[in-house]
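Analysis of the macromolecular model
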Amino acid sequence: PAALPSTALGFTDVNLNSRNTYEVSRRRSAPEHLPHGGTAPPEPAPPPQEPAEKARHRVGIAGAGSSFAEFFARNFFTKRTKELKPAVQSAPGWKLFGKVPPRENLPKDSKIIQQEYEARTGRMYKPPPPSTRRKNIEFEPLSTTALILEDRPANLPAKSVEEALRHRQEYDEMVAEAKKREIKEAHKRKKIMRERFKQEENIASAMVIWVNEILPNWEGMRATRRVRELWWQGLPPSVRGKVWSLAVGNELNITPELYEIFLSRAKERWKSFSETGSENDIEDAGASVADREASLELIKLDISRTFPSLYIFQKGGPYHDLLHSVLGAYTCYRPDVGYVQGMSFIAAVLILNLEEADAFIAFANLLNKPCQLAFFRVDHSMMLKYFAAFEVFFEENLPKLFLHFKSYSLTPDIYLIDWIFTLYSKSLPLDLACRVWDVFCRDGEEFLFRTGLGILRLYEDILLQMDFIHIAQFLTKLPEDITSEKLFSCIAAIQMQNSNKKWAQVFASLMKDNKEGDKNHSPAPKS
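Residues numbered from 1 in each chain as written. Predicted model: local features only at pLDDT ≥ 70, side-chain atom pairs only at ≥ 80, totals over all residues. Heavy atoms only, no water.

Things to note about the overall build of the protein
Within the protein one finds 25 helices and two strands. Taken across its 527 residues, the protein has 36% of its residues classed as buried. Carbon together with sulfur atoms contributes 55% to the accessible area of the protein, which is approximately 33,300 Å² in total. (Helix = DSSP H or I, 4+ residues; strand = E, 2+ residues; numbered from the N terminus. Buried < 20%, exposed > 50% of the residue type's maximum accessible area, 1.4 Å probe, protein only. Areas by Shrake-Rupley, 256 points an atom, 1.4 Å probe, with all protein chains shown as cover.)

Thoughts on the packing of helix H14 (residues 343–353) against helix H20 (residues 430–443)
For the pair H14 and H20, interaxial distance at closest approach is 12 Å and the crossing angle is 90 degrees. Taken together, the axes of H14 and H20 lie roughly perpendicular to each other. Residues Ile346, Val349, Leu350, Leu352 and Asn353 of H14 form the contact with H20, whose own contacting residues are Leu430, Cys434 and Trp437. Class assignment of the residues belonging to the contact of H14 with H20 gives a composition of seven nonpolar, one polar and no charged. (Axes fitted to C-alpha atoms, helices over the stretch in contact; angles between N-to-C directions. Parallel < 35°, antiparallel > 145°, perpendicular 65-115°, else oblique. Contact = heavy atoms within 4.5 Å. Nonpolar A, V, L, I, M, F, W, Y, C, P; charged D, E, K, R; others polar.)

Observations regarding unusual backbone geometry
Phi angles above zero are rare outside glycine, and Phe307 is one such case at about 45 degrees. Its place among the elements puts Phe307 in the loop between helix H12 (289–304) and helix H13 (320–333). Phe307 sits in the buried class, given a relative accessible area of 7%. Residues other than glycine seldom take positive phi values, yet Val378 does so here, at roughly 55 degrees. Positionally, Val378 belongs in the loop between helix H16 (370–376) and helix H17 (380–397). Residue class for Val378 comes out partly exposed when judged on its relative accessible area of 41%.

Topic: the packing of aromatic side chains
Tallying each qualifying case throughout the model produces 32 aromatic pairs. Summarising the aromatic geometry, the rings of Trp232 and Phe488 are spaced 5.3 Å apart at their centres and angled 80 degrees between planes, so their arrangement reads as edge-to-face. Of the two residues, Trp232 sits in helix H9 (residues 225–232) while Phe488 sits in helix H24 (residues 484–493), which places them 256 residues apart along the sequence. Each member of the pair, Trp232 as well as Phe488, carries the same accessibility label: buried. Taking 5.9 Å as the distance between ring centres and 90 degrees as the angle between the ring planes, the aromatic pair formed by Phe375 and Phe421 counts as edge-to-face. Residue Phe375 is located in helix H16, and its partner Phe421 is located in helix H19 (residues 413–422); the two are separated by 46 residues in the primary sequence. By the burial criterion, Phe375 is buried, and Phe421 matches it. (Phe/Tyr/Trp six-rings, centres within 6.5 Å; stacked < 30°, edge-to-face > 60°.)

Description of the pattern of salt bridges
One side chain can pair with another of opposite charge once the charged atoms of both are near each other. Overall, the coordinates contain 10 salt bridges when judged by the stated rule. A salt bridge links Arg240 to Asp438, with the shortest nitrogen-to-oxygen separation between them at 2.9 Å. In this pair, Arg240 is assigned in helix H10 (residues 237–248) and Asp438 in helix H20, connecting sequence segments 198 residues apart. You can call Asp438 buried: its relative accessible area is 0%. (Salt bridge = Lys/Arg side-chain N within 4 Å of Asp/Glu carboxyl O.)

A closer look at the UniProt feature "coiled-coil region" (unreviewed entry) in the protein
In the numbering used here, UniProt assigns the "coiled-coil region" (unreviewed entry) feature to residues 161–196. A distance of 53 Å separates the end C-alpha atoms of residues 161–196, which is 100% helix and 0% strand. (UniProt positions renumbered as here; feature names shortened; annotations may be inferred.)

Brief notes about the packing of helix H7 (residues 161–214) against H9
For any two helices packed against each other, one specifies the crossing angle of their axes together with the interaxial distance. Relative orientation of the contacting elements H7 and H9 amounts to 140 degrees, with a least axis distance of 12 Å. Crossing geometry of H7 relative to H9 is assigned as left-handed. Residues Ala206, Ile209, Trp210, Glu213 and Ile214 of H7 touch H9, and the partners they reach there are Arg226, Val227, Leu230 and Trp231. Here the residues of the contact of H7 with H9 sort into seven nonpolar, no polar and two charged. (Left-handed = near helix turned anticlockwise from the far one by under 90°.)

Overview of H20
The end-to-end C-alpha separation of H20 is 20 Å, in line with the 20 Å expected for 14 residues at 1.5 Å each. Most of H20 sits out of view: 11 of its 14 residues are buried. Among the residues of H20, Leu432, Ala433, Cys434, Arg435, Val436, Trp437, Asp438, Val439, Phe440, Cys441 and Arg442 are the ones counted as buried. Positive backbone phi, approximately 85 degrees, marks Gly444, located one or two places after H20. (Expected span 1.5 Å × (residues − 1).)

What to know about the environment of Arg435
By secondary structure assignment, the location of Arg435 is in helix H20. Here Arg435 falls in the buried class, since its relative accessible area comes to 16%. Along the primary structure Arg435 and Leu235 are separated by 200 residues, whereas in three dimensions their C-alpha atoms are 7.2 Å apart. Beyond its immediate sequence surroundings of up to four residues, Arg435 is in contact with Trp232, Gln233, Gly234, Arg240, Ser484 and Phe488.

Details of the nonpolar core
Counting 112 residues, the largest nonpolar core has Trp210 and Leu456 as the members making the most contacts within it. Residues in contact with Leu456, not counting those within four places in the same chain, are Phe390, Phe394, Leu398, Leu401, Phe405, Tyr415, Leu463 and Leu475. (Core = buried A, V, L, I, M, F, W, Y, C linked by side-chain atoms within 4.5 Å.)

Next up, the structure:
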């Protein structure tokens, strides 16, 4: 028959980059079954008149049914071949990595290393009795921890008995310390979970009381001792928005329709400023075009910085446009106030608990309270009265810290302004800030300053060790691990009473003194 090209059926010339290629060539050069003499019998050579190419062609055709299948089965289905054919030990000289196969040199874990070490030193490995084993807490030292028990390599001096014992002691101490740390963390996690479950149970039971008993009889029950105590513990999230709306009230008589009117005005203003940047509207009373432009730009900037960790008020977030609408509508509703930094946090907290129109109504009425109006309109004389009243109760409750602040001339405005402007929603964790809001809606502005004193009481020992700069930095950014239990226990310890005068009476006396001072310093009338 005519000879075919060698590239067509030259199966034995296939070269694959795998470890089985070496195995194929090895089996050809060193057969598996050797005679007792240790030398392989010579393989019969092809007839001299037959060229090597034809011989390869002859072998390929003859073994096409068996050699071809065996070759590919050996290369691509090695696991199946090993299962079907028992492995035959070949000559030791053909081992790739010594007489021990690589699979037998598996890495040892720390327990095996411990057992081998104790066997060498004559100490038998005894597992701890079942009674002493910890339940529900699994601990296994890191694999590198047990390396201290291993002997040194052969090229280094061997360990002495004393050194080996010392290493064993160090290892035991490391394991014991790790176990203690693990137990402590496990107990801490369990305690947190127990407190969380207890809190959820209290919220569920309180929600039933608020929905079925208090809210249907709001006017008659809101001032009762039972409701006030329940209120102090924090409002259930499902009724929080409703209680806030009822507590803040609607003295301004704003309706959802009025909100839509001011929102449409805000949208027209945004459109006109974005298209032309010039004055297209009739100026609102008390607000120039420059002021309106500044307010609109400040709103955009502040929204991106409102609760950035939540990623819901930033551009593209689900509440971005909603917050923008509420703030824009308010600038049109109160052009004399406009937008002030800090408003975005107050509006954001309301949006998280109320519907859009209800959030705007509560927002406008909340900012119309005397304290908020004084701060957001930057009424310096009124702000100074609030700071003076705060210092009266500061000195009464925390005299040592009060004198420490006085020694550095650290005035309340340095830390109170940020707290009051945002109603603590920027300074405290959101869930804790909402609980502060709960009691603020119950007690009014007094509780804002009482909360400030509670924070100072909570960190009094730390603040007494600080200087002016560090105190200002600390109070500007409070620790994130502050808990509601610790804070409210400190707030409860603050007594808002000075010389039998409560907050409202102290503030009223300061206002009266200020008016009398203004009269004494007023110019005499001309004759």
